[in-house]
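Per-entry structural report
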Amino acid sequence: MARVQLKDVSKSYDNGFNAVKNVNIDIEDKEFIVLVGPSGCGKSTTLRMIAGLEDVTSGTLSIGDKVVNDVEPKDRDIAMVFQNYALYPHMTVYDNMSFALKLRKVSKSEIDKKVREVAKILQLENLLDRKPKALSGGQRQRVALGRAIVRNPKVFLMDEPLSNLDAKLRTEMRAEISKLHKKLDATFIYVTHDQVEAMTMGDRIVVMNHGEVQQIDKPKAFYENPVNKFVASFIGSPQMNFIDVELKTVGEDTFAKVDGKEVEFLIPKGKAAYLIEKGYTGKKIVMGVRPEDIHRERVFIDMSPESKFESKVVIRELMGSEIIVYLDFFGKEIIAKFDGKTDVERNQEMTLALDMNRVHFFDVETEENILYNE
């Protein structure tokens, strides 16, 4: 069993820098979990502590039923795939893949069997005699994966393994790694700064920032139910729009009044009741609107006159299947996302509407999602 548990794990350096702060993560056996966040958030440091390449300052780290805080990396039954592949340039693909097995004194026949089996899985059979310099980036990445797989570890650790590949190869390798996870039936812990990789590959995602875990959940939950403003901005492309508003009640209706403007949007009854119950009436809060929840279809606008507004196109970016539009929203720039077939021109005046059923509201001070549902 390869369950990995981090209980109040922290990492501090001699200069006083706290890279990781009281991290609690429970990774199930055979789970594919992704640690994601901006550069310097502590995700790679967390992975290196699991690998034994960094000492744990405080807390408990377990693999299976064994506490491994003081266990050497070679005795943890893990394999790590690095960003820079870390292949031996003077060795062939075959020798790179077999090196760890030779150190373990595995028989030549068994080594040959394992290397060729893995080479077949990774489509490296015709490359076994080549050296790394004769390989493409994608081929080198597959060799690095193969070197890890032949060891048959309990846990695979991957630190930004696709960041050096071009966009097409990244997409292909994402699919290959996901297939490998299902085929190998092992625990995968994967670090990336790319939210697309996180959303498409992980059974669950751990979002980190400033050395702390912000939220642990399934991919869909991050999109629909972010715990705070940081998570809301990090997950989703383009990122969520944030609009300063004031909660205003008129009779039985509650509105989000745009800060400093005579513009207001009717908040659905359920959301409004919760905001009022939490004591936000008359207070400033932040309204979060995803670009895809801004609509230009006449049917939607006619159905939602209370969330209609006029805007002008500042910039348009055609992305093929979709078009990203930067809009002047009462002096503030916001982003909308439409179908790529939409005709949009710069400086075009548009009538749009917000899907108020899908907006989020955040506390100004704590930045927590007021409507977050645990």
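Residues numbered from 1 in each chain as written. Predicted model: local features only at pLDDT ≥ 70, side-chain atom pairs only at ≥ 80, totals over all residues. Heavy atoms only, no water.

A word on the overall build of the protein chain
When helices and strands are tallied, the protein chain shows 10 helices and 20 strands. Projected onto its principal axes, the C-alpha positions of the protein chain cover 80 × 45 × 35 Å. Burial analysis of the protein chain (374 residues in total) assigns 51% to the buried set. Contacts in the protein chain between residues at least 24 apart in sequence constitute 65% of all its contacts with a sequence separation of at least 6. When the accessible area of the protein chain is evaluated, it comes to approximately 18,600 Å², of which 46% is carbon and sulfur surface. Positive and negative side-chain charges of the protein chain, numbering 55 and 59 respectively, have mean locations separated by a distance of 7 Å. (Helix = DSSP H or I, 4+ residues; strand = E, 2+ residues; numbered from the N terminus. Buried < 20%, exposed > 50% of the residue type's maximum accessible area, 1.4 Å probe, protein only. Contact = heavy atoms within 4.5 Å. Areas by Shrake-Rupley, 256 points an atom, 1.4 Å probe, with all protein chains shown as cover. Lys, Arg positive; Asp, Glu negative; His and termini not counted. Charge placed at Lys NZ, Arg CZ, Asp CG, Glu CD.)

Quick word on helix H2 (residues 93-103)
Taken together, the buried positions of H2 are occupied by Val-93, Tyr-94, Asn-96, Met-97, Ser-98, Ala-100 and Leu-101. Buried-residue contacts for H2 involve helix H3 (108-121) and helix H4 (137-149). Just downstream of H2, Lys-105 is the residue with a positive phi angle, here 65 degrees.

Quick notes on the pattern of salt bridges
All told, the structure shown has 16 salt bridges when counted by the stated rule. Close ionic contact of Glu-54 with Arg-48 constitutes a salt bridge, the shortest N to O distance being 3.7 Å. Among the residues examined, Glu-54 registers a relative accessible area of 17% and is labelled buried. Here Asp-75 makes a salt bridge to Lys-74, at a shortest N to O gap of 3.4 Å. Residue classification places Asp-75 among the partly exposed residues on the basis of a relative accessible area of 45%. (Salt bridge = Lys/Arg side-chain N within 4 Å of Asp/Glu carboxyl O.)

Concerning the sheet that holds strand E18 (residues 332-339)
Sheet strands line up and pair through hydrogen bonds in the backbone, either parallel or antiparallel. Sheet architecture is open: five strands sit in the order E15-E19-E16-E17-E18, paired in antiparallel fashion. The two strands at the open ends of the sheet, each matched to only one other strand, are strand E15 (294-295) and E18. By the bridge criterion, eight bridges tie strand E17 (residues 322-329) to E18 in an arrangement that is antiparallel. Residue pairing across strands places Phe-329 opposite Lys-332, the latter belonging to E18. (Pairing = 2+ DSSP bridges.)

A word on the sheet that holds strand E5 (residues 66-67)
In space, the four strands of this open sheet follow the order E2-E1-E4-E5, with antiparallel pairing throughout. Two strands in the sheet have a free side with no partner beyond their single neighbour: strand E2 (18-27) and E5. Relative to E2, strand E1 (residues 4-12) is paired through six bridges, and the arrangement is antiparallel. Within E2, the position partnered with Leu-6 by the bridge is Ile-25.

Considerations on a negative patch on the surface
Together, Glu-310, Asp-328, Glu-333 and Glu-349 give the surface a local cluster of negative charge. On the secondary structure map, Glu-349 appears in strand E19 (residues 349-354). (Patch = residues over 30% accessible without salt bridge, like charges linked within 9 Å, V, L, I, M, F, W, Y side chains within 5 Å.)

Re the pairing of strand E6 (residues 78-81)
A two-sided burial pattern is seen for E6, the buried positions comprising Ile-78 and Met-80 on one face and Ala-79 and Val-81 on the other. When E6 meets strand E7 (residues 155-159), the two strands line up parallel, connected through four bridges. The partner of Ile-78 across the bridge, within E7, is Val-155.

Some thoughts on the packing of H2 against H4
Between H2 and H4, the shortest axis-to-axis distance is 7 Å and the interhelical angle comes to 30 degrees. For the element pair H2 / H4, the angle class is roughly parallel. H2 and H4 meet at a crossing whose hand is right-handed. Between H2 and H4, the contacting residues are Val-93, Asn-96 and Met-97 on the first element and Val-143, Gly-146 and Arg-147 on the second. (Axes fitted to C-alpha atoms, helices over the stretch in contact; angles between N-to-C directions. Parallel < 35°, antiparallel > 145°, perpendicular 65-115°, else oblique. Left-handed = near helix turned anticlockwise from the far one by under 90°.)

Things to note about the packing of aromatic side chains
Counting across every chain of the model gives 11 aromatic pairs. Considering the side-chain rings of Phe-265 and Phe-329, the 6.2 Å spacing of their centres and the 20 degrees angle between planes classify their relative orientation as stacked. Taken together, the residues Phe-265 in strand E13 (residues 264-266) and Phe-329 in strand E17 connect sequence positions 64 residues apart. Under the relative-accessibility criterion, Phe-329 is labelled buried at 1%. (Phe/Tyr/Trp six-rings, centres within 6.5 Å; stacked < 30°, edge-to-face > 60°.)

Considering the side chain of Asn-369
Within the secondary structure, Asn-369 sits in the segment after strand E20 (360-363). On the accessibility criterion, Asn-369 (7% relative accessible area) is buried. Not counting the four nearest positions on each side in its chain, Asn-369 is found in contact with Asn-225, Pro-226, Val-227, Asn-228, His-360, Phe-361 and Phe-362.

Digging into the nonpolar core
In this structure, Met-97, Leu-145, Met-158, Ile-177, Tyr-190 and Val-207 are the most contacted members of the largest nonpolar core, which totals 46 residues. No other element matches the five residues that H4 contributes to this core. Setting aside residues up to four positions removed in sequence, Tyr-190 forms contacts with Phe-32, Ile-33, Val-34, Leu-35, Met-158, Pro-161, Leu-162, Ile-177, Glu-197 and Met-201. In this structure, Leu-247, Val-325, Met-350 and Met-356 belong to the second largest nonpolar core, which totals 32 residues. (Core = buried A, V, L, I, M, F, W, Y, C linked by side-chain atoms within 4.5 Å.)

Quick notes on the environment of Ile-78
By secondary structure assignment, the location of Ile-78 is in strand E6. What makes Ile-78 buried here is its relative accessible area of 7%. For the pair Ile-78 and Gly-52, spaced 26 residues apart in the sequence, the C-alpha separation amounts to 9.5 Å. When residues no more than four places from it in sequence are discounted, the contact partners of Ile-78 are Ala-51, Ile-63, Pro-73, Arg-151, Pro-153, Val-155 and Leu-157.

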